[in-house]
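One-letter residues, chain by chain:
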Amino acid sequence: MAGVVGRLIRCWCRRAVAGRSRSALPSGHPALHPGCCSLKVPALQLHVSKTAMGASQKDFENAMNQVKLLKEDPGNEVKLKLYALYKQATEGPCNTPKPGVFDLINKAKWEAWNALGSLPKETARQNYVDLVSGLSSSSDSSSQAKPEADRKQAEYETVVMTSEDGITKIMLNRPAKKNALTEQMYQEIMLALEAASKDDSTITVLTGNGDYYSSGNDLTNFTNIPPEGVEAKAKNSAILLRNFVGSFIDFPKPLVAVVNGPAVGISVTVLGLFDLVYATDRATFHTPFSHLGQTPEGCSSYTFPKIMGPAKAAEMLIFGKKLTAGEAYAQGLVTEVFPDSTFQKEVWTRLKAYSKLPQNALRISKQIIRSQEKEKLHAVNAKESSILQERWLSSECMNAIMNFFSQKAKL
Ligand SMILES: CCCCC/C=C/C(=O)SCCNC(=O)CCNC(=O)[C@H](O)C(C)(C)COP(=O)(O)OP(=O)(O)OC[C@H]1O[C@@H](n2cnc3c(N)ncnc32)[C@H](O)[C@@H]1OP(=O)(O)O
């Protein structure tokens, strides 16, 4: 029951914030600061002085104004307490009939007020002032600490991971190499995704630093042959590929690609596993597998024909046709294209708004959509990886990679 009420009050708070229903707060009661419903206030801050007396009407009014300025959502329990104390301080003991059993929100509010019994108005006023004062100092200190707390850069060298406003951003960070994906980078992206899946953010974003989103697999990956030989290299690469793609298939939260520039190879194919793909109009989408003697991965042999139809998928995946952002949008691979000049501003504004939507609803909706074919995707991933393991040993593939490094074949 408490869970149901909690969830309903969260909805109530969202609605109130959106301005569709302010009835949850008593008339004249300061509205809570918008957009902060997921933050928690430490229990310590919730202590309410039951003995201190003497808050003036002016103190009380100041406290009501302070509530409007809170930087963090104090949580449902505190909001109910604020409501109850406000009612008690202004109207005295609860004097309205108990709402019906199905009117869960008003019932929770009524119960909070009624629980104050015959607490004198002056004490309620003082407790309200004390409670708000505790919240304000907690909100101030946590907002001062925020820049530090938001710098969640763990031990990554090739990606930058930050978390702010309910969004965890994983940024590929080898701009001088067009964000080509080294083996270390695959590992770090997997670790970052794992961390993002468990943090308290609502949305996870993958993007690139510099002028490229990513130029795909770093072709030097194929040049570091271990003492065990090329077969072992191909086998290990296939395992790495399978694990890498698997972490996108299994990612539990909404996943967004902010495609800040051209994308090549595996950075394109996994886009079929993202929930939103926003692209600058400077972006291109290129999967030159045949040119490299390779074959599709990232589950694209399954997702692309589903997304764009077999004819268009064949043009990209078999013949290596490079798509403009507009073409990728027309074919359903990209959600929306933005002018490069306003790309970052527009995309982040949009994502910040989305990140305020109810977190669990977003995650569950994503999971319903994706769970239908998770097994299928894992099977496709396994197959694509094993075919590539063979391909990487082919002379077609080895020649293509040698060509790249001898500068004969820039794509
Ligand atoms: C283990 C899992 C395997 C998963 C299988 C994945 C498959 C794929 O992803 S296939 C696609 C592989 N990618 C490519 O074939 C792209 C190769 N790169 C290029 O064609 C070009 O570099 C470019 C079109 C992406 C950019 O050209 P340009 O603007 O002329 O810039 P540069 O070529 O001078 O690049 C700057 C710098 O970066 C190096 N570099 C870029 N991409 C890669 C790459 N994919 N692998 C290795 N190195 C890359 C490039 O060599 C330059 O280096 P320096 O000369 O040292 O400055």
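Up top you'll find the structure we're talking about.
Calculation notes
All chains use their own residue numbering, which begins from 1 and follows the written sequence. Local features in this predicted model are restricted to residues whose pLDDT is 70 or higher, and side-chain atom pairs enter the listing and the counts only when it is 80 or higher, whereas totals over whole chains, interfaces and linings include all residues. The numbering of helices and of strands both runs from the N terminus, where a helix is a DSSP run of H or I of at least 4 residues and a strand a run of E of at least 2. Here the contact rule is simple: place C-beta atoms from the backbone, and any two residues whose C-beta atoms are within 7 Å are in contact. Using a C-beta atom placed from the backbone, a residue is scored as near a molecule or strand whenever that atom is within 6 Å of it. Each residue gets one of three labels, nonpolar for Ala, Val, Leu, Ile, Met, Phe, Trp, Tyr, Cys and Pro, charged for Asp, Glu, Lys and Arg, and polar for the others, Gly among them. Residues are called buried when their C-beta atom has 20 or more other C-beta atoms within 10 Å, exposed when it has 12 or fewer, and partly exposed otherwise; all C-beta atoms are positioned from the backbone. To obtain an axis, a line is fitted to C-alpha atoms, over the contacting stretch when the element is a helix, and the angle between two such axes runs from 0 to 180 degrees between their N-to-C directions. Should an angle fall under 35 degrees it is taken as roughly parallel, and over 145 as roughly antiparallel, whereas 65 to 115 is taken as roughly perpendicular and any remaining angle as oblique. Whether a crossing is left-handed or right-handed is set by the direction in which the near helix is turned from the far one by less than a right angle, anticlockwise for left-handed and clockwise for right-handed.

A. The arrangement of the overall build of the chain in detail. Helix and strand counts for the chain come out as 15 helices and 9 strands. Nonlocal contacts in the chain, meaning residues at least 24 apart in sequence, comprise 77% of its contacts between residues at least 6 apart.

B. Spatial organisation of the environment of F274. If you trace the backbone, F274 turns up in the loop between α8 (266-269) and β6 (276-280). For F274 and A257, which are 17 residues apart along the polypeptide, the C-alpha to C-alpha distance reads 6.8 Å.

C. Summary view of the site of the ligand. Taken together, 22 residues surround the ligand, and among them A180, S215, G216, N217 and G265 come closest. In terms of residue count, the dominant contributor to the shell around the ligand is helix α7 (residues 230-249) (3 residues). Here the residues of the shell around the ligand are counted per class, giving 10 nonpolar, 7 polar and 5 charged.

D. Layout of unusual backbone geometry. In this model, K178 sits at a positive phi of 55 degrees, which is unusual for a non-glycine residue. Residue position: K178 is located in the loop between β2 (167-172) and α6 (183-198). Judged by the 20 C-beta atoms lying within 10 Å of it, K178 falls in the buried class.

E. Fine view of the packing of α7 against helix α14 (residues 374-391). Viewed as axis vectors pointing N to C, α7 and α14 meet at an angle of 160 degrees, and their least axial separation amounts to 9 Å. Taken as axis vectors, α7 and α14 run roughly antiparallel relative to one another. The handedness of the crossing between α7 and α14 comes out as right-handed. For the pair α7 and α14, contact is made by A234, K235, A238, L241, R242, V245, G246 and I249 and by K374, L377, H378, N381, A382, S385, S386, L388 and Q389, respectively.

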